Amino acid sequence: MFGFMKGPGKNRQLDEIIGRIEMNMSNNYKDAAQDNLRELARALEELTASGKMGEKQRLYYEGRLSTFRERMKNFTHKDQKPTW
């Protein structure tokens, strides 16, 4: 569309998955967020293997994936402490 809109993080499929991860995390939907994280990892691996991503895009999305993995280490229902 516009040249300035292009950048390392412009892959619609991956951006949609990232949006779902962020939405599920903000709503505390832990299982759904974990499922989306696995989906992001699979999609990134497939796009990288097929050669459909440039180096800058790959590095950008690998960084996002790594950040989400770190933030979601203990983001599960089994790690949730009861408050009652």
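Residues numbered from 1 in each chain as written. Predicted model: local features only at pLDDT ≥ 70, side-chain atom pairs only at ≥ 80, totals over all residues. Heavy atoms only, no water.

Caption draft 1: Representation of the nonpolar core in the model. Counting residues in each nonpolar core, the largest one holds 18 residues, and the members touching the most others are L14, I21, M25, L40, F68 and M72. Looking at this core, the elements with two or more residues in it are α1 (12-26), α2 (30-50) and α3 (55-71). Counting residues per element, this core draws most heavily on α2, at seven residues. When sequence neighbours within four positions are dropped, the list of residues in contact with M72 reads I21, M25, A33, Q34 and L37. (Core = buried A, V, L, I, M, F, W, Y, C linked by side-chain atoms within 4.5 Å. Buried < 20%, exposed > 50% of the residue type's maximum accessible area, 1.4 Å probe, protein only. Helix = DSSP H or I, 4+ residues; strand = E, 2+ residues; numbered from the N terminus. Contact = heavy atoms within 4.5 Å.)

Caption draft 2: Here's a closer look at the packing of α1 against α3. Two elements in contact, α1 and α3, have axes whose closest approach is 12 Å; the angle formed by their N-to-C orientations is 20 degrees. Classified by the interaxial angle, the pair formed by α1 and α3 is roughly parallel. Seen along the crossing, α1 lies across α3 with a hand that is left-handed. Across from L14, D15, I18, I21, E22 and M25 in α1, the residues of α3 making contact are Y61, R64, F68 and R71. Counted by class, the contact of α1 with α3 contains six nonpolar, no polar and four charged residues. (Axes fitted to C-alpha atoms, helices over the stretch in contact; angles between N-to-C directions. Parallel < 35°, antiparallel > 145°, perpendicular 65-115°, else oblique. Left-handed = near helix turned anticlockwise from the far one by under 90°. Nonpolar A, V, L, I, M, F, W, Y, C, P; charged D, E, K, R; others polar.)

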